[in-house]
Amino acid sequence: MVDLASRAPLPPITKAKSAGGDNALMLVFLLVAAVLSLLPILRVEIPPLLDYPNHYARLWLISGGAQDPVMAAMYRIDWGAAWTNVLTDMIAASVGPILPLQVLSRLLLALGLLMPAIGLTALNRALFGGLHWWNIVCMILVWNVIFLAGFLNFSIGLGLALLLAAGDLHLASRSLVLRLAYRAASSALLLIAHPFALLFFVLLQAAMAFGPHLSLLADRSLWKPMLGRVLAACTPCFIPLLVLLAFGPALPGSNSAAGQGGTVWSEISLTNAISVLLTYFKTYDLQVDAVYVVLFAGLIGLACLRRRLSAHAGLLLVAGLLAVVSPFIPVSYRATGAIDLRLPSMMVLALAAGVRLRLFEAGRDRLVLASLALVLVASRMIVVDRVWSEAEKNIAAVEAAVADLPPGAKLLPLQDTGDKALNSQAPSGRFLGRNMPLHWHYGSLAVVREKAFIPTLFTAAGKQPITVLPPYTEISVPEGVPPTVDLLTKPVQAAFPYLADWTHRFDYILVLNADQPNAAGPMTNLPNLVSVADKGFARLYRIAR
């Protein structure tokens, strides 16, 4: 253990109560922080998480919606289509038939929100002993761009990786066979959740095998045995991956829609590097997010300056490695986006789990710090809830607009997209950060609410256990976002093949973000479009034939 509070290192695992305070008291504070964080999820049925409405529709289908005669003609549940990135789907299949969708969805959202914090707390406690006010401070991390983008399987997987790594530490005195079996089984579960969750677990295993002491790097004679420990710890983790590669179905991205494959890189610059590294702190307002970054980093810096910081060297090295690599990761690969957001998320969690701040440890001080941490958690929640309140109006507009769709209608979602330079002037609740429109998948709600077909429901081989049935395959893509309204009268682009002959292939058009100007020009007044509903943000048109 790298311990800046004294010359004597802490043991890697201790059952002693932390100097930060009584476990029972800190547990109460943690539970209060969790409840505060859950309030927006309990209040809103459909939160404005970027991908979530699309996932919501798929989870409804898996929970039993696909058995409806109307939907059964469009979609089929196919567990042979994907073995990874399907943890929430498996939960939906297991308990969805007996739970109302409103309960199931909130359960999965709660897991996505809290699992990283639960895993972080468990690993920090296993390494340093007891609960601590630092664990409450880390609850501000539950609101991050990963969760707000709706990446539920990845978010749950990150938390599980931390939790399972903590469990592995508690097996240190057990037989080698048991520990290896535990790692292989844990890796299988994490691969089901998300491939990057498995990667995170491998890195955590490497960190634990390296050990708590940085002094290993100073003695070259210790390098070889250290590398041997790392390889021995990580090797069982690759067994499920090898099974997937040898016997599994298509890998994620194998059936990328036309025009969506390949690798997309972001600009390599200092500004972009900083932006990427701050991924796990980002929400809706970067200026507000910066306050929490300063507080988080400031506490660590203060503890370091006062030599009151204890740290696990292996986790610090993993966090450092991820920090170095993250700016050079592609934005998209084989039609899977946001690849560049994965590693910096792991970086922050590894750092937070791998340090313990030995500050303000007197009885009254720890109570004050825990109370102030609760204030931070509550303030973070309030910022998010205000945005959700505004976005909730837009979701309600969509649901109202599609309310009169007949079952089985083929719905074509479109969008108005403004000039990116003006995104900061858009109404609240329209963007995650500055450039990620929250409305992209709102059209998916028509699947659940009105049993409609949309062309962009997530059905990618290797990612989702659901397939589109003929003849609907001719007007669908495995994943995608709505085309802009101006494309109705332009040559068909490769990313939107279903726009070909759209007047005969679809029954209705739903325009999202309709109260904002479209940068490429407005939708042409076409004689075969009949206005059905205008709810401001959402407009529904019937295609007359």
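Residues numbered from 1 in each chain as written. Predicted model: local features only at pLDDT ≥ 70, side-chain atom pairs only at ≥ 80, totals over all residues. Heavy atoms only, no water.

A count of helical and extended segments in the protein gives 19 helices and 13 strands. Against the 2.2 N^0.38 benchmark of 24 Å for 545 residues, the protein shows a C-alpha radius of gyration of 24 Å, consistent with a compact globule. Projected onto its principal axes, the C-alpha coordinates of the protein cover approximately 80 × 50 × 50 Å. Taking the intrachain contacts of the protein between residues at least 6 apart in sequence as the baseline, contacts between residues at least 24 apart amount to 81%. For the protein, the exposed area adds up to about 21900 Å²; of that, 65% sits on carbon and sulfur atoms. Put simply, the protein has 40 plus and 30 minus side-chain charges, and the middle of one group is 11 Å from the middle of the other. (Helix = DSSP H or I, 4+ residues; strand = E, 2+ residues; numbered from the N terminus. Rg over C-alpha atoms; globule rule 2.2 N^0.38 Å. Contact = heavy atoms within 4.5 Å. Areas by Shrake-Rupley, 256 points an atom, 1.4 Å probe, with all protein chains shown as cover. Lys, Arg positive; Asp, Glu negative; His and termini not counted. Charge placed at Lys NZ, Arg CZ, Asp CG, Glu CD.)

Before going further, it helps to spend a moment on helix 15 (residues 313–325). With 13 residues, helix 15 ought to run about 18 Å at 1.5 Å a step, and its terminal C-alpha atoms sit 18 Å apart, in line with that. All buried positions along helix 15 are accounted for by Ala 313, Gly 314, Leu 315, Val 318, Ala 319 and Leu 322. (Expected span 1.5 Å × (residues − 1). Buried < 20%, exposed > 50% of the residue type's maximum accessible area, 1.4 Å probe, protein only.)

Taking 1.5 Å per residue as the helical rise, helix 16 (residues 342–353) with its 12 residues ought to reach 16 Å, and the 17 Å between its terminal C-alpha atoms agrees with that figure. In terms of burial, helix 16 is a largely internal element, 11 of the 12 residues being buried.

This part takes up a nonpolar patch on the surface. Taken together, the side chains of Leu 214, Leu 217, Leu 222, Trp 223 and Leu 317 make up a nonpolar region of the molecular surface, amounting to roughly 400 Å² of accessible area. In this fold, Leu 217 is placed in the loop between helix 10 (195–210) and helix 11 (223–234). (Patch = residues over 30% accessible without salt bridge, like charges linked within 9 Å, V, L, I, M, F, W, Y side chains within 5 Å. Salt bridge = Lys/Arg side-chain N within 4 Å of Asp/Glu carboxyl O.)

With that settled, consider the side chain of Arg 430. Structurally, Arg 430 is set in the loop between strand 7 (411–415) and strand 8 (431–432). Of the residues examined, Arg 430 reaches a relative accessible area of 7% and is grouped as buried. Only 2.7 Å separates the side chain of Arg 430 from the side chain of Asn 513, close enough to count as a polar contact. Separated by 2.8 Å, the side chains of Arg 430 and Asp 515 make a polar contact. Those residues within four positions of Arg 430 in sequence are excluded, and the remaining contacts are Asn 394, Met 436, Pro 437, Leu 438, Asn 513, Asp 515, Gln 516 and Phe 537. (Polar contact = N/O pair within 3.5 Å; in protein donor to acceptor, adjacent residues only side chain to side chain.)

Omega for the peptide link from Pro 470 to Pro 471 comes to 5 degrees, which places this bond in the cis form. Here Pro 471 shows up in the loop between strand 10 (466–468) and helix 19 (502–505). We note that Asn 85 has phi near 65 degrees; this positive angle belongs to a residue other than glycine. Note that Asn 85 resides in the loop between strand 2 (75–77) and helix 4 (87–95). Phi is positive for Asn 513, which is not a glycine, with a value near 60 degrees. In this structure, Asn 513 sits in the loop between strand 11 (508–512) and strand 12 (529–534).

In this section: the side chain of Ser 37. Positionally, Ser 37 belongs in helix 1 (residues 23–43). Not counting residues up to four positions away in its chain, the partners in contact with Ser 37 are Leu 113, Leu 114, Met 139, Val 142, Trp 143, Val 377 and Met 381.

Spatial ordering of the open sheet is given by 7-11-13-12, a layout of four strands whose pairing is mixed. In the strand order of this sheet, the two ends are held by strand 7 and strand 12, each with one partner. Direction aside, the axes of adjacent strands within the sheet are offset by 25 degrees on average. For strand 12 and strand 13 (residues 539–543), the ladder comprises five bridges, and the chain directions are antiparallel. Paired with Val 530 across the strands is Arg 542, a residue of strand 13. (Pairing = 2+ DSSP bridges. Axes fitted to C-alpha atoms, helices over the stretch in contact; angles between N-to-C directions.)

A few words on the packing of helix 15 against helix 16. Between helix 15 and helix 16, whose axes approach to 8 Å, the crossing angle comes to 155 degrees. Classified by the angle their axes make, helix 15 and helix 16 are roughly antiparallel. Note on packing geometry: the crossing formed by helix 15 with helix 16 is left-handed. Across the interface between the two elements, Leu 315, Leu 316, Val 318, Ala 319, Leu 322, Ala 323 and Val 325 from helix 15 touch Leu 343, Met 346, Met 347, Ala 350, Leu 351 and Ala 353 from helix 16. (Parallel < 35°, antiparallel > 145°, perpendicular 65-115°, else oblique. Left-handed = near helix turned anticlockwise from the far one by under 90°.)

To continue, consider the confidence of the model for the protein. Here the protein averages 91 in pLDDT, while 94% of its residues score no lower than 70. Per-element mean pLDDT across the protein ranges from 50 in strand 1 (residues 2–3) up to 98 in strand 7. (pLDDT = per-residue confidence, 0-100.)

All right, on to the pattern of salt bridges then. Overall, the coordinates contain 14 salt bridges when judged by the stated rule. Put simply, Asp 89 and Arg 58 hold a salt bridge, and the shortest N to O gap is 2.6 Å. On the criterion of sequence distance, the pair formed by Asp 89 in helix 4 and Arg 58 in helix 2 (residues 52–63) is long-range, its members being 31 residues apart. Residue classification places Asp 89 among the buried positions, given a relative accessible area of 0%. Classification of Arg 58 as buried rests on a relative accessible area of 1%. Between Arg 539 and Asp 534 there is a salt bridge whose closest N-O contact spans 3.3 Å. Residue classification places Arg 539 among the partly exposed residues on the basis of a relative accessible area of 27%. A single network of salt bridges, built from pairs that share partners, joins Arg 43, Asp 385 and Glu 392.

Evaluation of the coordinates by the stated rule reveals 12 aromatic pairs. Centre to centre, the rings of Trp 133 and Phe 360 are 6.4 Å apart; their planes meet at 50 degrees, and the pair counts as tilted. Taken together, the residues span a long stretch of sequence, with Trp 133 in helix 6 (residues 133–137) and Phe 360 in the loop between strand 6 (355–357) and helix 17 (363–401) at a distance of 227 residues. On the basis of relative accessible area, Trp 133 is assigned to the buried category, the value being 0%. Under the relative-accessibility criterion, Phe 360 is labelled partly exposed at 32%. When the centroid spacing of 6.3 Å and the interplanar angle of 75 degrees are considered together, the rings of Tyr 498 and Phe 506 count as edge-to-face. Across the pair, exposure class does not vary: Tyr 498 and Phe 506 are buried alike. Aromatic rings pair up to connect Tyr 75, Phe 453 and Tyr 472 into one cluster. The ring of Phe 154 carries the charged tip of Arg 342 above its face, separated from the ring centre by 4.9 Å. (Phe/Tyr/Trp six-rings, centres within 6.5 Å; stacked < 30°, edge-to-face > 60°. Lys NZ or Arg CZ within 6 Å of the ring centre and 35° of its normal.)

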